[in-house]
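Below are the chains, spelled out letter by letter.
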Amino acid sequence: LAFSITLLTSVIDLVSFSGILYSIYPQLFVAIIGYSSFGTGMTLWIGKTLVQKNAKQLKTEADFRFSLVRMRENAESIA
């Protein structure tokens, strides 16, 4: 319930302040919307590649740990 109320008040604030800014200076409003859209898009694009790289890193580390365990189990036969 508290999250819903917080979300609702944030949306109301966003709409009201956007209306006030647009009535005062429409070009600034458009520039702010464009800037925030560009920033959000870049964050999503960079974030997607970071998630893939993190998954690859975790897989590599897991494979390395697995091979270390197997090597320890077979240490007597190796030596």
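Residues numbered from 1 in each chain as written. Predicted model: local features only at pLDDT ≥ 70, side-chain atom pairs only at ≥ 80, totals over all residues. Heavy atoms only, no water.

### Brief notes about the overall build of the chain
Within the chain one finds three helices and zero strands. In the structure as shown, the chain presents an accessible area of about 7300 Å², 71% of it carried by carbon and sulfur atoms. The centroid of the 7 positive side-chain charges in the chain is displaced by 7 Å from the centroid of its 5 negative side-chain charges. (Helix = DSSP H or I, 4+ residues; strand = E, 2+ residues; numbered from the N terminus. Areas by Shrake-Rupley, 256 points an atom, 1.4 Å probe, with all protein chains shown as cover. Lys, Arg positive; Asp, Glu negative; His and termini not counted. Charge placed at Lys NZ, Arg CZ, Asp CG, Glu CD.)

### Brief notes about the packing of helix H1 (residues 2-24) against helix H2 (residues 26-73)
Put simply, H1 and H2 touch, their axes get as near as 5 Å, and they point 130° apart. Comparing the axis directions of H1 and H2 gives the class oblique. On the side of H1, the interface is formed by Ser 18, Leu 21, Tyr 22 and Ile 24, while H2 contributes Pro 26, Leu 28, Phe 29 and Ile 32. (Axes fitted to C-alpha atoms, helices over the stretch in contact; angles between N-to-C directions. Parallel < 35°, antiparallel > 145°, perpendicular 65-115°, else oblique. Contact = heavy atoms within 4.5 Å.)

### Re the pattern of salt bridges
Pairing is possible between side chains that carry opposite charge, provided their charged atoms lie close to one another. According to the stated counting rule, one finds two salt bridges in the structure shown. Residue Glu 73 pairs with Arg 70 through a salt bridge whose shortest N-O separation is 2.7 Å. Residue Glu 73 and its partner Arg 70 are located together in helix H2, separated by three residues, close to a single helical turn. Under the relative-accessibility criterion, Arg 70 is labelled partly exposed at 34%. (Salt bridge = Lys/Arg side-chain N within 4 Å of Asp/Glu carboxyl O. Buried < 20%, exposed > 50% of the residue type's maximum accessible area, 1.4 Å probe, protein only.)

### What about a nonpolar patch on the surface?
There is a patch of nonpolar side chains on the surface, built from Phe 17, Ile 20, Ile 24, Tyr 25, Leu 28 and Ile 32 and spanning about 610 Å² of accessible area. Ranked by residues supplied to the nonpolar patch, first place goes to H1 with three residues. Under the relative-accessibility criterion, Ile 24 is labelled exposed at 64%. (Patch = residues over 30% accessible without salt bridge, like charges linked within 9 Å, V, L, I, M, F, W, Y side chains within 5 Å.)

### Description of the packing of aromatic side chains
The tally for this structure, following the rule as stated, stands at one aromatic pair. Centroid distance Tyr 22 to Phe 29: 5.4 Å. Interplanar angle 80°. Geometry classified as edge-to-face. (Phe/Tyr/Trp six-rings, centres within 6.5 Å; stacked < 30°, edge-to-face > 60°.)

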